[in-house]
Amino acid sequence: MRLSQLMSNLIKISAPHDHKPERNYVFQVLFNDWMGLTYEVEWVDATSTILTSAGRQMVIPDLFFFSLPEVVEWSDLQVPTELHWLDPIDEHGDRIPSFFGSVWENERSEDVLALGCDVFAHAFFHLTRWEEIGLKHLDRFGRIDESALLALQHGVHYMPSLDMLFHRLSSTMETFLRLKVKDQHPYSIKVTHDVDHLRRFDTVKKWVNAIGGDLLLRKKPWLVFKTTWEFISIQLKLRKDNYDSFDALMDRSESLGLKSHFYFIPSHAGEEDVRYDIRSRVAQETIHSIQKRGHTVGVHGSFASAWDKEVFKQELARLHACTPEVSEGRMHYLRFKNPHTWQMWEEAGLQRDSSLGLSSDIGFRCGTARPYRVFDLQNRKTLSLIEEPLIVMEVALIRKYPKAEEGLNAARQVVDMCERYGGQLVYLWHPENLDHPHWGQYAHLYEAILSYAAKEQA
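Source: prediction; values computed, not measured.

Thresholds applied
Residues numbered from 1 in each chain as written. Predicted model: local features only at pLDDT ≥ 70, side-chain atom pairs only at ≥ 80, totals over all residues. Heavy atoms only, no water. Helix = DSSP H or I, 4+ residues; strand = E, 2+ residues; numbered from the N terminus. Rg over C-alpha atoms; globule rule 2.2 N^0.38 Å. Buried < 20%, exposed > 50% of the residue type's maximum accessible area, 1.4 Å probe, protein only. Contact = heavy atoms within 4.5 Å. Lys, Arg positive; Asp, Glu negative; His and termini not counted. Charge placed at Lys NZ, Arg CZ, Asp CG, Glu CD. Pairing = 2+ DSSP bridges. Axes fitted to C-alpha atoms, helices over the stretch in contact; angles between N-to-C directions. Salt bridge = Lys/Arg side-chain N within 4 Å of Asp/Glu carboxyl O. Patch = residues over 30% accessible without salt bridge, like charges linked within 9 Å, V, L, I, M, F, W, Y side chains within 5 Å. Areas by Shrake-Rupley, 256 points an atom, 1.4 Å probe, with all protein chains shown as cover. Expected span 1.5 Å × (residues − 1). Disulfide = S-S within 2.5 Å. Phe/Tyr/Trp six-rings, centres within 6.5 Å; stacked < 30°, edge-to-face > 60°. Lys NZ or Arg CZ within 6 Å of the ring centre and 35° of its normal. Polar contact = N/O pair within 3.5 Å; in protein donor to acceptor, adjacent residues only side chain to side chain. Core = buried A, V, L, I, M, F, W, Y, C linked by side-chain atoms within 4.5 Å.

## Here's the deal with the overall build of the chain
Right, on to step 1. Along the backbone of the chain there are 14 helices and 17 strands.
Right, on to step 2. Over its C-alpha atoms the chain spans a radius of gyration of 24 Å, differing by no more than 12% from the 23 Å that the globule rule assigns to 458 residues.
Right, on to step 3. On the principal axes, the C-alpha backbone points of the chain span a range of 80 × 45 × 40 Å.
Right, on to step 4. Buried positions account for 55% of the 458 residues belonging to the chain.
Right, on to step 5. When contacts within the chain are restricted to residue pairs at least 6 apart in sequence, long-range pairs at least 24 apart make up 74% of them.
Right, on to step 6. Across the chain, the centroid of the 52 positively charged side chains sits 5 Å from that of the 64 negatively charged ones.

Put into structure tokens, the structure is as follows:
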């Protein structure tokens, strides 16, 4: 009988009987959602998890949950500090960083393979973002201090460590346990645009503010003449407003067989940090134009709604008044509080969030580029909400790499990792930054990165 005929997609799991909701969550994401396997769980009194298939067993040590009380105060839990590099080097020539175990394989016989790495702890650590609950230092936007994140401290945030570990785990399970493993999330690209501004020059006040910025912020008096001419040209309808790049962005996505996802702030004039009114004619026409072309409109929760569920629901209702087809989005300024933000989005009936990206750099805040269902640590339950981690944002990229060539090289490395280990490159470029007094000088990077990513996809 051929080996392929002996292979199965059913796995039996014998797992320690404590922390069942947490363990079940990891099993569901790794085995069902990502590998396409079905499984049966038997809860036993043990200190390791045993995977059984085709008469063989894979033993995975419990290096994390065994030491925890059944109900955990995550804010008091100490984050691991030591980083290990697993051998052997994988087929791509990469060594895999690990926070739970220093070796990949401990012992092997014909029927039993004992690992030295707690894959489940590594997955739980990254996917639930529990390390962020205990971080006390916040930046001026109320976000966590990213320099305190373990991956950034060790400089491995450019590597999707969970995806790398998952790739090795699935390969080992396929060969040793003779399982039919199918990667459920091959490489793809998702192009997103947070609509922080609609127009630069739709009022005289904005023109006055702009020339003030030329003089006081940018300290380039000659820009006043350029800014004034742009304002006059737009008023005379000789050209489009600087921030009106929606058609151009959709044109480019369509040329690559992609769709653009535009996330709007549903604020009203006079509210905190408001740049446009969602009820305005321009906002309504822009939304309808995007949807008419088959692209996606989502929600960009305002600064004020980040910590207030009722305000967020009110904002979402405003966007629903423009279009009922709203199921995804991202919080303004990437303001995320664990598990509050996920709870808020779940209660609002949204399906996909993409707030979990880095504001200080590009890379893999969640250790993965794969979409995944999230876990509510407070209530110990798996939610239906899917997180799509943000991988590359232009503002963070340019601030980290003000030289365009360095930024492009850094972005290419991250794109290569997404393609190599599977997952979704979630790419963010703000529409107003294609023709902006400062960010506009980097507009060519948008095309360069997208072209490189799409070439890899093809």
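Don't stop here, the text continues.
## Side note on the sheet that holds strand β14 (residues 372-376)
Right, on to step 1. Here nine strands make up an open sheet; going across it, the order is β14-β15-β13-β12-β11-β10-β9-β17-β16 and the pairing mixed. Looking at which strands have only one partner, the edges of the open sheet turn out to be β14 and β16 (392-393).
Right, on to step 2. Sheet topology places β16 next to strand β17 (residues 424-428); two bridges connect them, and they run parallel. Across the sheet, the residue bridging to V392 is Y427, located in β17.
Right, on to step 3. Running over the sheet, helix α8 (residues 246-255) touches β9 (188-195) and β10 (260-264) and is turned about 150 degrees from β10.
Right, on to step 4. Most of the contacts of helix α10 (residues 309-322) go to strand β11 (residues 296-301), to which it runs at about 155 degrees, and overall it touches β10, β11 and β12 (328-331).

## Thoughts on the sheet that holds strand β3 (residues 48-53)
Right, on to step 1. Strands sit in the order β2-β1-β3-β4-β8-β7 across an open sheet of six strands; the sheet is mixed. On the outer flanks of this sheet lie β2 (38-44) and β7 (105-108), each paired with one strand and no other. The mean inter-strand angle of the sheet, taken between neighbouring strand axes irrespective of direction, is 20 degrees.
Right, on to step 2. Docked against the sheet, helix α2 (residues 20-34) engages β1 (10-16), β2 and β3, running at close to 155 degrees with respect to β2.
Right, on to step 3. Across the sheet, helix α5 (residues 161-176) touches β1, β3, β4 (56-61), β7 and β8 (112-115), and the angle it forms with β4 is around 155 degrees.

## Details of the pattern of salt bridges
Right, on to step 1. Under the counting rule described, the total for this entry stands at 35 salt bridges.
Right, on to step 2. Among the salt bridges present, the one from E388 reaches K190, with a minimum N-O distance of 2.5 Å. Residue E388 is located in the loop between β15 (381-387) and β16, and its partner K190 is located in strand β9; the two are separated by 198 residues in the primary sequence. We note that E388, like K190, is buried.
Right, on to step 3. Between E447 and R252 there is a salt bridge; the shortest N-O distance is 2.7 Å. Linking E447 in helix α14 (residues 443-457) with R252 in helix α8, this pair joins segments that are 195 residues apart in sequence.
Right, on to step 4. Taken together, the salt bridges that share partners define one network made up of R200, K226, E230, R239 and D435.

## Section: the side chain of T192
Right, on to step 1. The residue T192 is located in strand β9 in this model.
Right, on to step 2. Sequence-distant contacts of T192, that is, excluding residues within four places in its chain, are made with H261, Y263, R330, V426, Y427, L428 and W429.

## Examining a nonpolar patch on the surface
Right, on to step 1. On the surface, a nonpolar cluster with roughly 450 Å² of combined accessible area is contributed by W229, I232, L236 and L238.
Right, on to step 2. Here W229 shows up in helix α7 (residues 223-235).

## A closer look at helix α13 (residues 404-421)
Right, on to step 1. In this model, α13 (18 residues) spans 26 Å end to end at C-alpha, consistent with the 26 Å of a helix rising 1.5 Å per residue.
Right, on to step 2. Within the span of α13, buried status applies to G407, L408, A410, A411, V414, V415, M417, C418 and Y421.

## Considerations on the state of the cysteines
Right, on to step 1. On inspection of all chains with the given rule, the structure shows zero disulfides.
Right, on to step 2. No disulfide involves C418; its nearest neighbouring cysteine sulfur is the one of C366, lying 12 Å away.

## Brief notes about the packing of aromatic side chains
Right, on to step 1. Summed over the entire model, instances satisfying the criterion amount to 30 aromatic pairs.
Right, on to step 2. Both rings, one in W34 and one in F166, keep their centres 5.2 Å apart while their planes meet at 80 degrees; by these two values the pair is edge-to-face. Taken as a pair, W34 in helix α2 and F166 in helix α5 lie far apart in primary sequence, 132 residues in all. Grouping residues by exposure puts W34 and F166 together as buried.
Right, on to step 3. On the numbers, 5.4 Å between centres and 20 degrees between planes, the contact of W207 with F231 is stacked. Placement of the pair is W207 in helix α6 (residues 204-216) and F231 in helix α7, with a sequence separation of 24 residues.
Right, on to step 4. Owing to a relative accessible area of 22%, W207 belongs among the partly exposed residues under this scheme.
Right, on to step 5. Here F231 falls in the buried class, since its relative accessible area comes to 12%.
Right, on to step 6. Put simply, the rings of Y25, F64, F65, W74, F99, F100, F124, F125, W130 and F375 pair up and form one aromatic cluster.
Right, on to step 7. Sitting above the plane of the W104 ring, R168 keeps its charged end 5.8 Å from the centroid.
Right, on to step 8. Stacked on the ring of W34, the Lys or Arg R370 has its end atom at 5.4 Å from the ring centre.

## Brief notes about α10
Right, on to step 1. Under the 1.5 Å per step criterion, the end-to-end length of α10 is 20 Å for 14 residues, consistent within 8% with the ideal 20 Å.
Right, on to step 2. N-cap assignment for α10: the residue whose side-chain oxygen lies 3.1 Å from the backbone N of E310 is D308.

## Notes on the nonpolar core
Right, on to step 1. With 126 residues, the main nonpolar core has F31, L51, F124, M173, F264 and Y372 as its most contacted residues.
Right, on to step 2. Looking at this core element by element, the count peaks at eight residues for α13.
Right, on to step 3. Look past the residues within four positions of Y372 in its chain and what remains in contact with it is Y25, V29, W34, H126, L127, W342, L356, C366, L385, I386, E387 and P389.

## Overview of the side chain of D118
Right, on to step 1. With respect to the helices and strands, the residue D118 is situated in the loop between β8 and α3 (119-128).
Right, on to step 2. Among buried charged residues, D118 stands out as having no salt bridge; its nearest opposite-charge side chain is R23, 6.6 Å away.
Right, on to step 3. From its side chain, D118 meets the backbone nitrogen of A121 in a polar contact 3.0 Å long.
Right, on to step 4. Excluding residues within four positions of it along the chain, D118 makes contact with I60, P61, D62, L63, F64 and F100.

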